[in-house]
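# Architecture and fold: a report
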Amino acid sequence: MTETRLRDAMPTAIGTPPDAVAPILQVQNLHTHFFTGEGIVHAVDGASFAVHPGKTLGIVGESGCGKSVAAKSILQIVDKPGRIVDGEILYTYTDKSGRYRHENILSLPSDSRQMKSIRGGEISMIFQEPMSSFSPIHSVGNQLTETIRLHTDMDQRTAREAAIEWLSRVGIPNPARRVEEYPYQMSGGQCQRAMIAMALSTNPRILIADEPTTALDVTTQAQILNLLQRLQAEQGMAMIFITHDLGVIAEVADEVAVMYLGRVVERAPVQEIFRNPQHPYTRALLTSIPSIEAQPRQRLPTISGSIPHPQNRPPGCPFHPRCPEYMAGTCEQKEPQLASVGTNHEVSCFLYPGC
Amino acid sequence: MQENVVLQVNNLKKYFPVESGFLKRQVGEVRAVDDVSFAIAQGETVSLVGESGCGKTTTSRCVIRAIQPTGGEILYRTEAGKVVDLAKLSMNEIRPLRRGFQMVFQDPFSSLNPRMTIFDIVSEPLRVNNIGSRAEREDRVAELLKLVGLRGEYMQRFPHAFSGGQRQRIGIARALAASPRLIVADEPVSALDVSVQAQVLNLMMDLQDELGLTYLFVSHDLSVVNQISNRVIVMYVGRVAEIGPPQALFKDPKHPYTAALITSLPKPDPFNRSDRQIPEGEVANPANPPSGCYFHPRCPFAIDRCRQETPALEEIAPGRAVSCHRARELQLFEQVEG
Ligand SMILES: Nc1ncnc2c1ncn2[C@@H]1O[C@H](COP(=O)(O)OP(=O)(O)OP(=O)(O)O)[C@@H](O)[C@H]1O
Ligand SMILES: Nc1ncnc2c1ncn2[C@@H]1O[C@H](COP(=O)(O)OP(=O)(O)O)[C@@H](O)[C@H]1O
Ligand code: SF4
Ligand SMILES: [Mg+2]
Ligand SMILES: [Mg+2]
C-alpha cells in the first residue's frame, strides 16, 4: 500500500515533474481576516510554509496566533465572518486522468467539484475535540461508512467492512461491535482514534492534525502520537501537525514553522529549531518551557508581557513590544520578511540581513 | 499533628452516587477519592498530579470544604494554632476559618464575574469577612494588584479587558486578599500559554517566599509540578500511587504508573526520539474499578497478588511512600552513578 501511495504522489503524465524534495503543498503569503462588528481581526497575516511528501510539518505557536485559521484556509472552511483575502496555496497532485498538476487551489471555488474532492479526500483534517467532529445522532460506523462511500466507489456492504477494518487499524477493540456505537459512548481517546480512522479512510495525501492530542491525557496522547506515526509510515502521507507543545513537536515533526500573531517567524528542520533557534521569539519560547529534568523551585526565564489580540497588531515586527533584542527605529517601523539564514532555515527578524 | 504542619489529610474518601432512571435510584458509586492521606508543612508546596478523573479536583474541593467528604479527616491548623477537623465542622463553624484557606481556579475566563470591577472581585473576601472600610479596602486592593504585577489603575476595569495571564493574576490577588495561610490552586496555569505560564509560576513562588504561604497545587502537568513543588503526590483512580520529592520521584520512580506517566511525556529533544514503552489501555473507571491494585490491568509487572490484594501506601525511604506490591524489588529506571 505504501508503494502505491508514494507513486501516486509522483507525476504520471504531462507537466514538469517535481524533484524528490519539491513540496506537495506550498502556502505563500496567506492572509485570512475576520470582518467583525468591532473591526478587522488579522488572524493570519502573511503566513508562508511548505509541506513535503511523506514528511511532517509541525506548526507551533501560542493560542490565537492563527494556526487553526491557517489550516482551515487550506481547505477553504474558514468560519464566518472570516475570508481569505490574499495569498496562494500551491498544491501538486495527479488528477483522475493521470495528469500532473501544480495548481493554486485558492483559485478554486469553495463548492467546486475539484475542491470538494480535495477536501476530506486528498487532504483531510482531524480536530482537537473529536466528539464535536462527529454527528451525535449517527453511529460512528455509519459516519465512517458514509465518508468511505463518498470518496470511493465501494458499495454499502464493502464500505462497512472497510469501516470495521479501519476501526481495528486504529486500535479500537471489538471493532465489529463498536462500529454500532455513538460518539458519546466512546472515551476521548477512542473517539480520537475513530476520528483518525475517518480522516484516513479516504487515503489522503495530506493529513492536517489540529491539536489532536491536546484534550487527551499524557498516556493516551503517547498512544495517539504512536498511532499517527505508524499510519503515516504505512500510508506514505504528508502531515501538518499543529500544536502549542514543543515537546510534541520534537517527537513528531520533520520541519517546523513557528507562528506568532498570524505570521511564520521562523522555519527550519526540527533539529535546527531546537539546536540553533534564531528568532528571539523561538529562543524565548524554548527557554520558558518547564522541564521535568529541571532543578525544582527555580525561577523560569519568561517572555515579558502577553500576546496582543490580533485586532491590535503592533506595527512593524509583531513581536517587537516583547522582544529582548528590540532595536528602536527599525523593528517598529518596517515589517521583516522571511529570509534565509542557513540551509532550509528561514527567519523573519531584523537581526539578520535580508529580512 | 506535628507542629509545623498546616494541613493533614487522613484517609480522605469522597464517593459520588451513580443514579439511574426516572426515580433516580442509586445504582452504584463513583469512588472519586478513595483513602487519600498526606500532610503539608508551613511554607511548603505539595502537588497532586495524575490524569484527568483521578480525583485531584475532588480532593482539593474537599480540603476547602466546597464539598462534604464521605469519610476521613482534614486536620487544619488555624492561625491561632488550634487544630480542627474541617471534615467534621458545620458550615457555620467553618465560615470564620475560611479566610485562612483560599482557592485559585483553573479557568481565568469563567472564574471572574464579568459584571464586577477588578476592585469588587479582589476585595470580595474582605467584604465577606467584614474587613476594613471602603478606603482601606481600596488601599489593600492597590497593594495586592502591585504584588501580583498589575497596575493599581486597573481597579475600575472589568475582566474582559484583561488577557488570560492577567486574569489569573487577578484570581491570585483575590485569593490573597484576606491574608490566608493556605492556598489551594487547581490547575492554575493549565489554561495559559507557555510564555505566560512561566510568569505565573514565578509569581506564585515569589509570593510564597514573601508571605510564607503554604500551597496545595493541583496539575496534570508533570513538568509544571516539578517546577513548583517540594513534594509530589501521584494519584491514580482516586488513590495515591506514590509520594516523594519531585526529582527523586521523576528520576527514580518506584510505582509503575509514575514510570508510565514519565515515559509517556513528550521530550523536547528531537535528537533522542525515544522508542518508548508506553502503557496500553485506558484509565480505569472509578465507578467500576478493577480488583486489587487499580493499575494491574495496564501494569507490565503485575503478578497474581496484584489482581487480588490492594497494595497499601508504605514508606520505602524517608520522605518516599509507594503503594505497589513490588516497589521494593523493581528498579524501573536505569540509575546513573554519581
Ligand atoms: N469566527 C471567528 N470570528 C472572529 N475572530 C476569529 C474567529 N475565529 C478565529 N478568530 C480569531 O483569529 C485569531 C486566530 O485564531 P486561531 O483559532 O487560528 O488560533 P490558534 O493559533 O489555532 O489558537 P489555539 O492555540 O488557541 O487553538 C484569534 O485571534 C481568534 O480570536
Ligand atoms: N459531582 C460529581 N458527581 C459525580 N461524579 C463526580 C463529581 N465530581 C467528580 N466526579 C467524578 O469523580 C472522579 C474524579 O474527578 P475529579 O476530582 O474532577 O478528577 P481530576 O480533577 O483529577 O480530573 C471522576 O470520575 C469524576 O467523573
Ligand atoms: S501492585 Fe502490582 S499491578 Fe500494581 S503497580 Fe505494583 S506491580 Fe503493578
Ligand atoms: Mg486552534
Ligand atoms: Mg480537575
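Just so it is clear, the structure is predicted and the values come from calculations on it, not from any experiment.

Another point: the site of ligand 2. Residues and elements named next belong to chain B. Around ligand 2, the neighbouring residues are Phe-16, Val-30, Ala-32, Ser-52, Gly-53, Cys-54, Gly-55, Lys-56, Thr-57, Thr-58 and Pro-286. One nitrogen or oxygen atom from the main chain of Gly-53 is found 2.7 Å from an oxygen atom belonging to ligand 2. Gly-55 is positioned with one of its backbone polar atoms (N or O) 3.0 Å from an oxygen atom of ligand 2. Relative to its free-state accessible area of 560 Å², ligand 2 is covered by the protein chains to the extent of 62%.

Another point: the side chain of Asp-45 of chain A. Residues and elements named next belong to chain A. As for its placement among the helices and strands, Asp-45 is situated in strand β2 (residues 39-51). A distance of 3.3 Å separates a polar atom in the side chain of Asp-45 from a polar atom in the side chain of His-42. Here Asp-45 is in contact with Leu-30, His-31, His-33, Gly-262, Arg-263 and Arg-313, once residues within four sequence places are set aside.

Right, let's talk about a nonpolar patch on the surface for a bit. All names here are of chain A. Residues Phe-35, Ile-40 and Val-85 make up a contiguous nonpolar surface patch of about 220 Å² in total accessible area. As for its placement among the helices and strands, Phe-35 is situated in strand β1 (residues 25-36). By relative accessible area, Phe-35 is classed as partly exposed at 31%.

Let us now look at unusual backbone geometry. Between Lys-80 of chain A and Pro-81 of chain A the backbone carries a cis peptide bond, its omega angle lying at -5°. If you trace the backbone, Pro-81 of chain A turns up in the loop between α2 (67-74) and β4 (82-94). The phi torsion at Asn-130 of chain B lies on the positive side, around 55°, for a residue other than glycine. Tracing the backbone through its elements, the reader meets Asn-130 of chain B in the loop between α3 (118-128) and α4 (134-147). When its relative accessible area of 68% is taken as the criterion, Asn-130 of chain B is described as exposed. The phi torsion at Ser-179 of chain B lies on the positive side, around 50°, for a residue other than glycine. You can see Ser-179 of chain B is positioned in the loop between α5 (164-176) and β7 (182-186).

Below, the discussion takes up the confidence of the model for chain B. The predicted model of chain B has a mean per-residue pLDDT of 93, with 100% of residues at 70 or higher. Quick note on the complex model: pTM equals 0.89, ipTM equals 0.89.

Residues and elements named next belong to chain B. Pairing within the open sheet is antiparallel, and its four strands lie in the order β2-β1-β4-β5. Each edge of the open sheet carries a strand with a single partner, namely β2 (25-41) and β5 (83-85). The sheet shows a mean angle of 25° between the axes of neighbouring strands, direction not considered. Helix α1 (residues 56-63) contacts β1 (5-20), β2 and β4 (71-77) of the sheet and is inclined by roughly 120° relative to β1.

Let us look at the packing of aromatic side chains. Geometrically, a pair of aromatic rings is defined through the distance of the ring centres and the angle of the planes. Applying the stated rule across the entire model yields 10 aromatic pairs over all chains. Ring centres of Tyr-260 of chain A and Phe-319 of chain A lie 5.1 Å apart, and the angle between their planes is 85°; this geometry places the pair in the edge-to-face category. With a gap of 59 residues between them, Tyr-260 of chain A in strand β9 (residues 255-260) and Phe-319 of chain A in the loop between α12 (280-288) and β11 (339-342) connect regions that are remote in the sequence. Looking at Phe-319 of chain A, the relative accessible area reads 1%, which means it is buried. Seen from their ring centres, Tyr-154 of chain B and Phe-162 of chain B are 5.2 Å apart, and the 70° between their planes marks the pair as edge-to-face. Given the relative accessible area of 13%, Tyr-154 of chain B is considered buried.

What follows deals with helix α5 (residues 140-151) of chain A. Taking 1.5 Å per residue, 12 residues should reach 16 Å; α5 of chain A reaches 17 Å between its end C-alpha atoms and fits that length. Contact partners of the buried residues in α5 of chain A: α6 (156-169) and α8 (188-200) of chain A.

Our next topic: the domain arrangement of chain B. Residues and elements named next belong to chain B. Taken domain by domain, chain B consists of domain 1 (5-229) and domain 2 (254-337). Taking only C-alpha atoms into account, the centre of domain 1 sits 29 Å from that of domain 2. For the pair domain 1 and domain 2, the summed buried area comes to about 750 Å², and 63% of that belongs to carbon and sulfur atoms. When the area that domain 1 buries against domain 2 is broken down by residue, the three leading residues are Arg-31, Glu-51 and Leu-222, summing to 54%. Counting the contacts that link domain 1 with domain 2 gives zero salt bridges. Of all the secondary-structure elements, those providing two or more residues to the side of domain 1 that touches domain 2 are β2 and α7 (222-228). With four residues, β2 is the largest single contributor of residues to the side of domain 1 that touches domain 2. Looking at the side of domain 1 that touches domain 2 residue by residue, the class counts come to three nonpolar, two polar and four charged.

Before going further, it helps to examine the interface of chain B and chain A. If you look at the interface, chain B gives 49 residues, while chain A gives 48 residues. Buried area between chain B and chain A, summed over both chains or domains, comes out near 4,000 Å², and the portion from carbon and sulfur atoms is 52%. Taken as a group, Val-194, Gln-227 and Arg-273 of chain B account for 15% of the area that chain B buries against chain A, more than any other trio of residues on that side. Linking chain B to chain A there are one salt bridge. The salt bridge involving Asp-206 of chain B is made with Arg-299 of chain A; its shortest N-O contact spans 2.4 Å. Counting across the interface, chain B meets chain A through 28 residue pairs in polar contact (both at pLDDT 80 or more). Taken together, the elements giving at least two residues each to the side of chain B that touches chain A come down to α6 (194-211), α7, α8 (246-251) and α9 (256-264) of chain B. Looking at which element gives the most residues to the side of chain B that touches chain A, the answer is α6 of chain B, with 12 residues.

Residues and elements named next belong to chain B. Strand order in the open sheet formed by eight strands is β6-β7-β8-β3-β9-β10-β12-β11, with mixed pairing between adjacent strands. This sheet does not close on itself; its edge strands, each paired only once, are β6 (101-104) and β11 (314-317). Within the sheet, the average angular offset between the axes of one strand and its neighbour, ignoring direction, is 25°. Pairing analysis gives four bridges linking strand β3 (residues 45-49) to strand β9 (residues 231-236), with the strands arranged parallel. The residue bridging Val-49 from the neighbouring strand is Val-234, located in β9.

Each value, and the rule that gives it
- Counting from 1, residues in each chain are numbered in the order their sequence is written.
- Here every chain gets a letter starting at A, and every ligand a number starting at 1, in the order they are written.
- Local features in a predicted model are, by the rule used here, given only for residues with pLDDT of at least 70; side-chain atom pairs are given and counted only at 80 or more, and totals for whole chains, interfaces and linings are based on all residues.
- Side-chain numbers come from the whole structure's heavy atoms, not from hydrogens or water.
- Throughout, near means a residue has at least one heavy atom within 4 Å of the molecule or strand.
- N or O atoms within 3.5 Å of each other form a polar contact, as long as, within protein, one can give a hydrogen and the other can take it, and as long as residues adjacent in sequence are counted only when both atoms are side-chain atoms.
- Accessible surface is estimated by sampling points in the Shrake-Rupley manner with a 1.4 Å probe; for residues, cover comes only from the protein chains shown.
- By definition, any uninterrupted DSSP run of H or I lasting at least four residues is a helix, any uninterrupted run of E lasting at least two residues is a strand, and each is numbered from the N terminus.
- Any two residues whose heavy atoms approach within 4.5 Å are treated as being in contact.
- Only residues whose relative accessible area exceeds 30% and that take part in no salt bridge are eligible for patches, with like-charged residues grouped when within 9 Å of each other and nonpolar side chains (Val, Leu, Ile, Met, Phe, Trp, Tyr) grouped when within 5 Å.
- Salt bridges are counted wherever a side-chain nitrogen of Lys or Arg sits within 4 Å of a carboxyl oxygen of Asp or Glu.
- Categorising residues by exposure relies on relative accessible area from a 1.4 Å probe, with only protein chains included: less than 20% of the type maximum marks a residue as buried, more than 50% marks it as exposed, and the intermediate range marks it as partly exposed.
- Values of pLDDT, which run from 0 to 100, indicate the predictor's confidence residue by residue.
- Paired strands, as defined in this entry, are two strands with at least two bridges between them according to DSSP.
- In this analysis an axis means a line fitted to C-alpha atoms, helices contributing only their contacting stretch, and an angle means the value between N-to-C directions, from 0 to 180 degrees.
- Paired rings are identified among Phe, Tyr and Trp, the last through its six-membered ring, by centres lying within 6.5 Å, and are further divided according to the angle between planes into stacked (under 30 degrees), edge-to-face (over 60) and tilted (the rest).
- Helices are assigned an expected span. That span is 1.5 Å times one less than the residue count.
- Those domain boundaries reflect an automatic or database domain assignment.
- Note on terms: buried area is the combined drop in 1.4 Å-probe accessible area of two parts once they are placed together, counting the loss on both.
- By the convention adopted, Pro, Cys, Tyr, Trp, Phe, Met, Ile, Leu, Val and Ala count as nonpolar, Lys, Arg, Asp and Glu as charged, and the other residues, Gly among them, as polar.

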